[in-house]
Amino acid sequence: AGNLLSVELVKDRSTKEFFPPEMKMSQILYEKTFARGAHFMCVSGCAGYEVVKGRVVEYGTHLTMAPAFGFTRDDADFIVRVIKEAFSDIEAEYL
C-alpha cells in the first residue's frame, strides 16, 4: 500500500493554460525526471480529450507518483528536487 500523488504541468500558472497537445509534454517530462533517477508516471489527457478528424487529442499533462506510506523526509526531498528541476528545465526550454 502507498500514496498516490499527482502534479499538473501547465504552460501558464495563472490561467492554467495547457501546453499544446502536439508538444507531447508528458513524454518530455518523463524523460527529464527519469534522467534524474526518478520513475514517475507522466500522462496526457487528465484534463480531457476530444476527437478531431478521427484522432484523439488529449489535454493536460500530469506527473503521478506512488511512494510507499513509509517514505522518508529524504525521499520527499528527492521527489521535490527532481520535479522542481524538471519543471525548471521545461520552463527554460519551452516558454
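Preceding this paragraph is the structure being described.
Note that the coordinates shown come from a computational prediction; the quantities given were computed from them, not determined experimentally. (Residues numbered from 1 in each chain as written. Predicted model: local features only at pLDDT ≥ 70, side-chain atom pairs only at ≥ 80, totals over all residues. Heavy atoms only, no water.)

## Points about the packing of aromatic side chains
Piece 1. A full pass over the atoms with the stated rule returns one aromatic pair.
Piece 2. Between the aromatic rings of Tyr 30 and Phe 34, the centroid separation amounts to 5.5 Å while the plane-to-plane angle is 20°, which identifies the pairing as stacked. Here Tyr 30 pairs with Phe 34, and both are found in helix H1 (residues 25-34), just four residues apart, close to one helical turn.
Piece 3. On the accessibility criterion, Tyr 30 (24% relative accessible area) is partly exposed. (Phe/Tyr/Trp six-rings, centres within 6.5 Å; stacked < 30°, edge-to-face > 60°. Helix = DSSP H or I, 4+ residues; strand = E, 2+ residues; numbered from the N terminus. Buried < 20%, exposed > 50% of the residue type's maximum accessible area, 1.4 Å probe, protein only.)

## Quick notes on the environment of Ala 68
Piece 1. By secondary structure assignment, the location of Ala 68 is in the loop between strand E3 (55-65) and helix H2 (73-94).
Piece 2. For the pair Ala 68 and Lys 16, spaced 52 residues apart in the sequence, the C-alpha separation amounts to 30 Å.

## As for the pattern of salt bridges
Side chains bearing opposite charge may pair, as long as their charged atoms lie close to each other.
Piece 1. Applying the stated criterion across every chain, the model contains five salt bridges.
Piece 2. With a closest N to O distance of 2.9 Å, Arg 36 and Glu 85 form a salt bridge. Placement of Arg 36 in the loop between H1 and strand E2 (41-52) and of Glu 85 in helix H2 is noted, with a sequence separation of 49 residues between them.
Piece 3. Glu 85 is paired through a salt bridge with Arg 81; the nearest N and O atoms lie 3.6 Å apart. Of this pair, Glu 85 and Arg 81 are both found in helix H2, four residues apart, which corresponds to roughly one turn of the helix.
Piece 4. Where salt bridges share partners, they join Arg 36, Arg 81, Glu 85 and Asp 89 into one cluster. (Salt bridge = Lys/Arg side-chain N within 4 Å of Asp/Glu carboxyl O.)

## Here we look at unusual backbone geometry
Piece 1. With phi around 65°, Lys 16 is a residue other than glycine that occupies positive phi space.
Piece 2. Tracing the backbone through its elements, the reader meets Lys 16 in the loop between strand E1 (5-9) and H1.
Piece 3. One non-glycine residue, Lys 24, lies in positive phi territory at about 50°.
Piece 4. Residue position: Lys 24 is located in the loop between E1 and H1.
Piece 5. Taking the relative accessible area as the measure of exposure, Lys 24 reaches 55% and is therefore exposed.

## A look at the sheet that holds E1
Backbone hydrogen bonds are what pair the strands of a sheet, in a parallel or an antiparallel way.
Piece 1. Taken together, three strands build an open sheet; the order of strands is E1-E3-E2 and the sheet is antiparallel. Pairing within the sheet leaves two strands with one partner each, and these edge strands are E1 and E2. Averaged over neighbouring strand pairs, the angle between their axes works out to 35° when direction is ignored.
Piece 2. Contacts between H1 and the sheet are confined to E1, E2 and E3, with E2 contributing the most and set at about 175° to the helix. (Pairing = 2+ DSSP bridges. Axes fitted to C-alpha atoms, helices over the stretch in contact; angles between N-to-C directions. Contact = heavy atoms within 4.5 Å.)

## Looking at the side chain of Thr 64
Piece 1. Structurally, Thr 64 is set in strand E3.
Piece 2. Here Ser 6 takes part through its side chain, which lies 3.2 Å from a polar atom of the side chain of Thr 64.
Piece 3. Non-local contacts of Thr 64, meaning those with residues more than four positions away in its chain, are made with Leu 4, Leu 5, Ser 6, Phe 40 and Met 41. (Polar contact = N/O pair within 3.5 Å; in protein donor to acceptor, adjacent residues only side chain to side chain.)

These results come straight from atomic positions and should not be treated as a statement about function.
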